[in-house]
Amino acid sequence: MRRFGPYTLVKKLATGGMAEIWLARQRGAHDFAKFLAVKKILAHLAEQPAFVNMFMDEARTCSQLSHPNIVHIHDFGRAEGTYFIAMEYIAGENLAAIAWRGVKRGRPFPPALAAKVVADASKALHYAHTLRGDDGRPLSIVHRDVSPQNLLVTYEGEVKVVDFGIAKANSRTEHTKTGMLKGKFSYMSPEQCVGAPVDHRSDIFALGILLYELCTGKRLFKHESELMILEMITKRQVVAPSEVSPNISPDLERIILKALQKDPNARFQSAQAMQLALEDHLRRHPHPINDAAISEYMRTLFADRIEEKRRLRERASRSDFEDMFLDAEATESRGAVPHGSTPGPALYTGAEASAHLAEPPPSSALTQLLTILAVVIIVIAGTVLVYLFSPQEAAVTLEAHPTPVEAPAPLRTGELSLESSPPGAVIHLDGQPMRLAGGGAAQTPSDLTGLQYGRKYLIALKKEGYRVHTLEIAMGEGEDGRSHHPTLEPFPGRLITEVRELDAAQVEIFYDGKSVGQGPQVVQEVPGNTTVLVEAKLDGKICKAQPPRVRVLPNRTISTEVSCKVPTPARTRPPRAAQARVRRTTPSRGASRGPTPSANRGDCTTNPNLAPGLITIDTEPYATIYYGREKLGETPISSKRLPAGCVELRAVTASGKSRTVKVEVEPNMTRIYRFKI
């Protein structure tokens, strides 16, 4: 809590790379109070001209925008050596938070609501794209940062486009140089990725990405390498949304794919055209989709956040709020008198003090002299009497008045976000289970608020079948606003494999390719919630486990059986009908660079005595690549280090299709593989 120019900063809402946003209170006459969001440049950037110019350009651009789906700007100024923008306070959440909480709580964003949200955002962007200045000339505004963080949905179901900080406009003083990239990599258009000039159709491509991700619940362009993201956007063919999620209708899919065309001329040629296409789709929906439907969804997901923000605004709306919580030093610097208190001695500093001392005396010199002598006599007489009759009380009385009593320091609190893998762990704070307003147990994912600065907290996450996970948090600047996402460790289970064979003692048992012992019975502790491939070997016989794959649950014992039999002798010459089914394998067209991976090779082993090698993998369509239990990432994958020899990889597409291939890894060499799934 502190004063900042004409505002009282109540609570920090967010911090970005260039600025921070605060919930602020503006106070006027007769207990008038209004809540705003104050965005101010970070202290270490306040003196850098480039950042200041960008900030001023944002204020200049936003001041010209007046649309119900665009956040309103109320004020722009400078205080405490830094510039700020005061804007409309939005009681709601951004799309990233909505999608995340919807997935975690089993209520993903419905495609119809996604279409409504993107239609409203398209309406706002079309207004910005076509806006003209006071002189009648087009402003040519392009947002260039349409992303989940910059689209807000209020708890009442309204959509707001925010943050025109890097928007392209004719009125800007800071212009992007050729080849410079601005925006979030995963939401750029192809022309934006290569640093080419962009127009309003770049924002339409970003809207297409948002609509795709909201409808499918999957990221479209995601990779740990930013260069790979740019390559995916410019070169990768987009997988049809219906292959990822079956709930997407054909006409909605056509809208998404049209917005995602790599050629700007093949996309919607205006945001309004995309808006009208989406609204036409919604008119054919069996249930009405409006702000009320979105509001109902929001209130279902964010009941706790709505109540928390309501209580905060209720407290901050009180007429004595600043007197109760604001820093005493700040209050004194304003010369304020607490509401309802008796005015005390005035405090004067600087010019005010000089002016006060320079005021002419209200009486003549003789009157002033007599007054001073009378006061001196009274003080001396009073002091002597007090000293003679009540020395201890006098000491207390004389010391009580001149010593100022300092107001207690304001209590500063912070918050953190807590989730877990898997979700649904009960949260214990300092040994006690946390409770929701309705009395139920608080579970991950949740936001913990009201944590006092300077205090240590012990957080325990408890979930059946998993070991207790503990976190010790010292609340302060480093922890405030931080997100914790621990992975819970499951309790182990037991897997028993019994061999039904006369030579059971000679049968070797393997779990996921690793030898765990010989029959007739093998008992092994296995991490809980894992699936184990059970195999067996015996010279001269073929052994199989039933079932071959076993799901081991925490604190549970699971059994499987192994049986062996003598293999049937192979025929030297297959019948003609079988010969007709044999086809010669040919290399895949996609393997133009490097060798073709084999999908039907026999033994595949690595050589630990050789140096590892590197492989680069690309697939069509894109897929997630696994080496055993290790996730290598999403294709394209560049220069991944693997052991030398034959390596078996598994590729899984977004639609669930998979393919297992065996590739050769050469020591200290890089090999490139491309294949279709």
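Cut-offs used in this document
- Residues numbered from 1 in each chain as written.
- Predicted model: local features only at pLDDT ≥ 70, side-chain atom pairs only at ≥ 80, totals over all residues.
- Heavy atoms only, no water.
- Helix = DSSP H or I, 4+ residues; strand = E, 2+ residues; numbered from the N terminus.
- Buried < 20%, exposed > 50% of the residue type's maximum accessible area, 1.4 Å probe, protein only.
- Contact = heavy atoms within 4.5 Å.
- Areas by Shrake-Rupley, 256 points an atom, 1.4 Å probe, with all protein chains shown as cover.
- Expected span 1.5 Å × (residues − 1).
- Disulfide = S-S within 2.5 Å.
- Phe/Tyr/Trp six-rings, centres within 6.5 Å; stacked < 30°, edge-to-face > 60°.
- Lys NZ or Arg CZ within 6 Å of the ring centre and 35° of its normal.
- Polar contact = N/O pair within 3.5 Å; in protein donor to acceptor, adjacent residues only side chain to side chain.
- Pairing = 2+ DSSP bridges.
- Salt bridge = Lys/Arg side-chain N within 4 Å of Asp/Glu carboxyl O.
- 1 Å grid on protein atoms, 1.4 Å probe; cavity = no way out; pocket = protein on both sides within 12 Å on 5 of 7 lines; lining within 4 Å.
- Points joined across faces, edges and corners; volume = space filled by probe spheres on them.
- Nonpolar A, V, L, I, M, F, W, Y, C, P; charged D, E, K, R; others polar.
- Axes fitted to C-alpha atoms, helices over the stretch in contact; angles between N-to-C directions.

Chemist: Whenever I open this one, the overall build of the protein chain confuses me. Can you help?
Modeler: Per the secondary structure count, the protein chain includes 17 helices and 31 strands. Counting all 677 residues of the protein chain, 40% fall into the buried class. Partitioning the contacts of the protein chain with sequence separation of at least 6, the portion at a separation of at least 24 is 62%. Carbon and sulfur atoms provide 53% of the accessible area of the protein chain, an area that totals close to 37900 Å².

Chemist: What am I meant to see in helix α1 (residues 49-63) here?
Modeler: Along its 15 residues, α1 runs 21 Å from first to last C-alpha, staying within 8% of the 21 Å computed at 1.5 Å per residue. Among all positions of α1, only Val52, Met54, Phe55, Asp57, Glu58, Ala59, Thr61 and Cys62 are buried. Buried-residue contacts for α1 involve β3 (19-27), β4 (33-41), β5 (73-79) and β6 (82-88).

Chemist: Looking at this structure, I do not really get the state of the cysteines. What am I missing?
Modeler: Every disulfide links exactly two cysteines, by a covalent bond between their sulfur atoms. The tally for this structure, following the rule as stated, stands at 2 disulfides. Two residues share a disulfide in this structure: Cys543 and Cys564, whose sulfurs sit 2.0 Å from each other. For the disulfide bridge between Cys543 and Cys564, the dihedral angle about the S-S bond is near 105 degrees, and by the sign convention the bridge is right-handed. You can see Cys543 sitting in strand β22 (residues 542-546) and its partner Cys564 sitting in strand β24 (residues 557-565), a full 21 residues away along the chain. Of the two residues examined, Cys543 and Cys564, each falls in the buried class. Each sulfur of the disulfide joining Cys604 and Cys646 lies 1.9 Å from the other. Classification of the bridge connecting Cys604 and Cys646 rests on its S-S torsion, roughly -100 degrees, and on that basis the disulfide is left-handed. Of the two residues, Cys604 sits in the loop between α17 (576-581) and β25 (613-620) while Cys646 sits in strand β29 (residues 645-653), which places them 42 residues apart along the sequence. What makes Cys646 buried here is its relative accessible area of 5%. Going through the protein chain in sequence order and numbering each bonded cysteine, the pairs you get are 1-2, 3-4.

Chemist: I tried to follow the packing of aromatic side chains on my own but got confused; where do I start?
Modeler: Aromatic ring pairs: the centre-centre distance and the angle between the two ring planes describe each pair. Counted by the stated rule, this structure contains 6 aromatic pairs. Between Phe4 and Phe84 the ring centres are 5.5 Å apart and the planes differ by 75 degrees, which places this aromatic pair in the edge-to-face class. One end of the pair, Phe4, is in strand β1 (residues 2-4); the other, Phe84, is in strand β6, and 80 residues separate them in sequence. Centroid distance Tyr7 to Phe84: 5.7 Å. Interplanar angle 85 degrees. Geometry classified as edge-to-face. With Tyr7 in strand β2 (residues 7-15) and Phe84 in strand β6, the pair connects residues that are 77 residues apart, well separated along the chain. Accessibility expressed as a relative area gives 2% for Tyr7, which makes it buried. Here the aromatic residues Phe4, Tyr7 and Phe84 are joined through ring pairs into a cluster of three or more. Cation over ring: Lys40 sits above Phe4, and NZ or CZ is 5.3 Å from the ring centre.

Chemist: When you look at the side chain of Glu20 in this model, what are you seeing that I'm missing?
Modeler: Tracing the backbone through its elements, the reader meets Glu20 in strand β3. Here Trp22 takes part through its side chain, which lies 3.1 Å from a polar atom of the side chain of Glu20. Excluding its chain neighbours within four sequence positions, the residues that come into contact with Glu20 are Lys12, Ala14, Thr15, Val38, Lys39, Lys40 and Leu42.

Chemist: Is there a simple way to think about the environment of Asp539 in this case?
Modeler: Its location among the elements puts Asp539 in the loop between β21 (530-537) and β22. Along the chain, Asp539 and Gln506 lie 33 residues apart, while their C-alpha atoms are 8.7 Å from each other.

Chemist: Help me understand the environment of Glu47 in this model?
Modeler: By the secondary structure assignment, Glu47 is in the loop between β4 and α1. Separated by 34 residues in the primary sequence, Glu47 and Gly81 place their C-alpha atoms 8.6 Å from one another.

Chemist: What is the right way to look at the pairing of strand β8 (residues 151-154) in this model?
Modeler: Consecutive residues of a regular strand have side chains that alternate between opposite faces of the sheet. Side chains Leu151 and Val153 of β8 all project onto a buried face; the interleaved residues Leu152 and Thr154 project onto the opposite face, where all are buried too. Two strands pair when backbone bridges link them, and strand β7 (residues 92-94) and β8 are joined in this way by 3 bridges, in the antiparallel orientation. Bridging from a neighbouring strand, Asn94 pairs with Leu152 of β8. As paired elements, β8 and strand β9 (residues 159-161) share 3 bridges and run antiparallel to each other. The partner of Val153 across the bridge, within β9, is Val159. Hairpin connection between β8 and β9: a loop of 4 residues separates the two successive antiparallel strands, and Gly157 in this loop has a positive phi of roughly 95 degrees.

Chemist: Just to check I follow, could you spell out the pairing of β25 for this structure?
Modeler: A one-sided burial pattern is seen for β25, the buried positions being Gly613, Ile615, Ile617 and Thr619 and the unburied ones Leu614, Thr616, Asp618 and Glu620. In this sheet, strand β28 (residues 637-642) lies alongside β25 in antiparallel orientation, the contact comprising 4 bridges. Among the inter-strand pairings, Ile615 is bridged to a residue of β28, identified as Lys640. As paired strands, β25 and strand β31 (residues 670-676) are joined by 7 bridges and run parallel to one another. Looking at β31, one finds that Thr616 is bridged to Ile672.

Chemist: Looking at this structure, I do not really get the pattern of salt bridges. What am I missing?
Modeler: Where charged atoms from two side chains of opposite charge approach closely, those side chains can pair. What the rule picks out here adds up to 31 salt bridges. The residue Asp163 makes a salt bridge to Lys39 at a minimum N-O spacing of 3.5 Å. In this pair, Asp163 sits in the loop between β9 and α4 (190-193) while Lys39 sits in strand β4, placing the two residues 124 residues apart along the sequence. Judged by its relative accessible area of 9%, Lys39 is buried. Across the salt bridge formed by Arg201 and Asp199, the nearest N and O atoms sit 2.8 Å from each other. Judged by its relative accessible area of 14%, Arg201 falls in the buried class. Shared partners join several salt bridges into a network, and the residues in it are Glu93, Arg101, Asp304, Arg305, Lys309 and Asp447.

Chemist: Would you explain the layout of surface pockets in this entry?
Modeler: Picture a little ball the size of a water molecule; that probe, rolled over the atoms, points out where space is still empty. As a volume, the second largest pocket reaches approximately 1600 Å³. Residue lining of the second largest pocket: 32 residues in total, with Asp512, Gly513, Leu533, Gly628 and Glu648 positioned closest to the centre. Of all the elements in the fold, those that place two or more residues in the lining of the second largest pocket are β18 (508-511), β19 (514-518), β20 (521-526), β21, β26 (623-627) and β29. Tallied by class, residues from the lining of the second largest pocket come to 14 nonpolar, 7 polar and 11 charged.

Chemist: Just to check I follow, could you spell out the sheet that holds β18 for this structure?
Modeler: Judged by pairing direction, the sheet is antiparallel, and its 4 strands sit side by side in the order β19-β18-β21-β23 without closing on themselves. Looking at the sheet topology across the chains shown, the edges are occupied by β19 and β23 (549-552). Strand-to-strand twist of the sheet, defined as the mean angle between neighbouring strand axes without regard to direction, takes the value 35 degrees. Summarising the sheet, β18 and β21 pair through 4 bridges and their orientation is antiparallel. Bridge pairing in β21 places Ile509 opposite Ala536.

Chemist: Help me understand unusual backbone geometry in this model?
Modeler: Apart from glycine, the bulk of residues carry a negative phi angle, and the bulk of peptide bonds sit in the trans form. Residue Pro422 follows Ser421 across a cis peptide bond; omega there is -5 degrees. With respect to the helices and strands, the residue Pro422 is situated in the loop between β10 (413-418) and β11 (426-429). Even without a glycine there, the phi angle at Glu80 is positive, about 55 degrees. Relative to the elements of secondary structure, Glu80 occurs in the loop between β5 and β6. Its relative accessible area of 55% is what places Glu80 among the exposed residues. Positive phi outside glycine occurs at Ser140, with the angle close to 55 degrees. Structurally, the position occupied by Ser140 is in the loop between α3 (111-130) and β8.

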